[in-house]
Every structure is written in structure tokens, then in C-alpha cells.
Amino acid sequence: MSNYIQKLSDSVSLIANSDVWIEGKAIQQLEKTAQLEGIIRAVGMPDLHPGRGYPIGAVFLSKNKIYPALVGNDIGCGMALWKTNVKARKVNLDKLAKRLTNIDSPLGDDWKEYIDERLIDKKLGITGFERALGTIGGGNHFAELQQVCDIYCEEDFELLNMDKKNLALLIHSGSRGFGESILRRHVEQFSHQGLDVGSNDFVCYIEQHNNALKFAELNRELIASRILQRLHAKGEAVLDVNHNFVVQSESGWLHRKGATPSNDGMVMIPGSRGDYSYLVKPVLQSKGSIQSLYSLAHGAGRKWVRSDCKGRLSKRYKQSDLERTALGSRVICKNKELIYEEAPEAYKSIESVINVMQKANLIVPVARFKPVLTYKTQGGC
């Protein structure tokens, strides 16, 4: 096993080195979760950080049982990358920000026919959460216009048929209240207990879970579409990858909680809103891929808990200061708490996360993207 994939016990591993900050509480949660009945392996990614009882940035392999609580309430949360026809050299941040005004509210009636068609296409029935479609939500979710600044592998980059002179659009969101309602019903009935594979309750959860995945994918599509409409631009999805879900594998059931699959092609791994994002190609034919349960980090990972952020930063920065980044990009976030909670300082360095995965022979970087305009909220999540 490489020095970058540390074996903590017979069933627990951690992908990290001394350059990546991993909080002790996150490792404790990783090891404790690995002790649940039916869990046979657990792997922490370099973006590992503590969650509410279970760590974020981890993957768990189980047999005979699945644990909806490990997937969490945002089933299908993931990243969608869109190419656009917006020329990077013609960017005017003031105009872009003005056009994006408020996209927190539900889509209007003029979208209803299209949404109905897409729901049918995805074989999604009425969920009761249709008004949330096309909205980003709070927390670490975002929509970000990005500029290609470095290409490390032209051949792989060209496979996506993207124009490096145009801006890209990265969407990070999930299934909104729909996924939360599914977990809430499970917890009300079973607390945090697992479900026996093959049982009626298991079949019911998996059906709801799979619908939430489709809902999340459609949500990201609609977020991108409404942003492009506001920008009077055209675009097309080139990648859409979930990182909160459970799926059957040859060895059992993989629970990814903030972990990106490495067996679905190229993926985007974003940093904080003031850091770069990386397009990477997973290395599948390697020992490390097996050891990592075919999973990768899903981002930079939090360094500070949300409740500490404003206290740490408010004496150094006004809210308006945090609407600009060191990379020259603009941030739209009118929620006074959230803009501090999501400050770049609250996150790990994305370079350290990418570096350790590269040295563990899990990925090959393809391109690096710089943030131009990040949309969080106008204050009405």
C-alpha cells in the first residue's frame, strides 16, 4: 500500500499525507462508522471532515445491509459541468452579476411545460417538491462560471469538446427537500438502523433513493438552464456526477458520502469559491483504485466548522470584502452568515487534495479552472 493510502486498521484506510489537514474527530467518526453491522470496509478521502454523526468525504462498503443515514439527506448531491458560448475575454463581471439577480425563487409558469416533459423523460412521478427544481439551496451548494486557465492533457480535454476560450459553468446541488423527506421518513421509522438487503423496506428505500438521484440531476440541469437564459447564452452539459448515494458493486453496497466515483469517467473536483477547480481523469487500472473503493474526493473539504467561521473572520473582513476573492472573482452571497461560513479560509487547499490523490495514483489532472463569478444566494434560499 502506498504511503498516501494509510491503513488505520484491517477495515479502515485514509488517503492523506502530512500536507492534508485531517481533523481527529473526522477519523474517529470514520472508525466508529466502520464498526456498524455489515460494514466491511471504510475509506476516508483527503477532503474528509466531521459531519453530523458520520464523516463527510468517505465511502463505506457493506454486505447484507445498507444505511440510508450514511447517504444522508441530500441524496444525489453532485457536480454538473456545462460548456457555454460565453467568451472569457469579453467578461464584464458587473454585467454578469446584474443579469443573475435572484435565482433562489421557484421557476415561473413559463417553465412548467418543459419541466413536465423532463419529469416524464426521467420517469419521475409527482414528488411534491417540484417547486424546488432549478434552485441551488444553501450550505456549500453553488453555481460558478469558470475560466479554463491550465490544460495538462490536451487529448483528454478535447474529449469533452469544450472551447477553452469560453467560460464553463459548474453546478453543485442536490435533491433539495425531496431527499431530506426520504431520510426523515426512514429515521422516523428506523432511527439510524440499517435495512436488510432484499427486505421490503430496502426495496422501498432504493426506489425512493433512485428517484432522488434523478430529481437531483434534473435540478442541476434546470439551474444551469435558467442561468444560461439569464445570461442570454447557450450551453450543454458535458459531465454530471453524483457524490451522495448508495450503489451495488461486485463486493457489496457502496455508500458514498461526499465521495466522487472514479469508475464513471472524468470528474470535476472543486475548491472553495476562492480557489481553483480541477478536471481529473481517474486511474482505474491501479492498486490504489481498488484500495480507495473506486472513489475520489468530492472537493477541498471543510477545515473549520460553520459555527466558528464568523467569529474567526468578522474582525478581518466585512461582508463586502468577502464578495471579492484573491483570484479576482466575484461572489454573490447576500446571506450574512453563509458568506462567512463559505469563506475560502474555511476550506482546505484544493492543491493539497489533488496532489495526494495524484501521488496515490488515483487521478491524472486534465485541466484547471479559475472562478469568475460564484452564485450562492441573494438571501432567499
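Structure's up top.
Below you will find a few notes about this structure.

Cut-offs applied
- Residues numbered from 1 in each chain as written.
- Predicted model: local features only at pLDDT ≥ 70, side-chain atom pairs only at ≥ 80, totals over all residues.
- Heavy atoms only, no water.
- Salt bridge = Lys/Arg side-chain N within 4 Å of Asp/Glu carboxyl O.
- Helix = DSSP H or I, 4+ residues; strand = E, 2+ residues; numbered from the N terminus.
- Buried < 20%, exposed > 50% of the residue type's maximum accessible area, 1.4 Å probe, protein only.
- Core = buried A, V, L, I, M, F, W, Y, C linked by side-chain atoms within 4.5 Å.
- Contact = heavy atoms within 4.5 Å.
- Phe/Tyr/Trp six-rings, centres within 6.5 Å; stacked < 30°, edge-to-face > 60°.

**A closer look at the pattern of salt bridges**
Throughout the structure, instances matching the rule amount to 20 salt bridges. Two residues, Arg-118 and Glu-221, come together in a salt bridge whose shortest N-O distance is 2.8 Å. Placement of Arg-118 in helix H4 (residues 112–121) and of Glu-221 in helix H7 (residues 200–230) is noted, with a sequence separation of 103 residues between them. Taken as a pair, Arg-118 and Glu-221 share a single burial class, namely buried. Across the pair Glu-341 and Arg-306 runs a salt bridge, and its minimum N-O distance is 3.3 Å.

**A short note on the nonpolar core**
General note: in soluble globular proteins, nonpolar side chains tend to be found buried as a group. Grouped together as the largest cluster of nonpolar side chains are 55 residues, with contacts concentrated most on Val-280, Ile-354 and Met-357. Ala-80, Leu-96, Ile-171 and Leu-228 belong to the second-largest nonpolar core, a separate cluster that totals 25 residues.

**Thoughts on unusual backbone geometry**
Phi is positive for Lys-123, close to 55°, though the residue is something other than glycine. Examined against the element boundaries, Lys-123 turns out to sit in the loop between H4 and strand E7 (142–151). Residue Lys-123 is classed as exposed on the basis of its relative accessible area of 69%. With a phi angle near 55°, Leu-293 is a residue other than glycine that sits in the positive phi range.

**What to know about the environment of His-186**
You can see His-186 is positioned in helix H6 (residues 176–190). With residues near it in sequence (within four places) discarded, His-186 still touches Pro-68, Ser-191, Gln-193 and Leu-195.

**Thoughts on the packing of aromatic side chains**
Using the criterion set out here, one finds four aromatic pairs in the structure. Seen in terms of ring centroids, Phe-178 and Phe-215 are 5.3 Å apart; in terms of plane orientation they differ by 55°. Their pairing is tilted. Of the two residues, Phe-178 is situated in helix H6 and Phe-215 in helix H7; the sequence distance between them amounts to 37 residues. When its relative accessible area of 0% is taken as the criterion, Phe-215 is described as buried. Ring centres of Phe-202 and Trp-253 lie 5.3 Å apart, and the angle between their planes is 85°; on these two criteria the pair is classed as edge-to-face. Note that Phe-202 is positioned in helix H7 and Trp-253 in strand E12 (residues 253–257), a separation of 51 residues in sequence. An aromatic cluster is defined as three or more aromatic residues linked by ring pairs; in this entry it consists of Phe-129, Phe-178 and Phe-215.

Without other data, these values stay purely geometric and don't point to any function.
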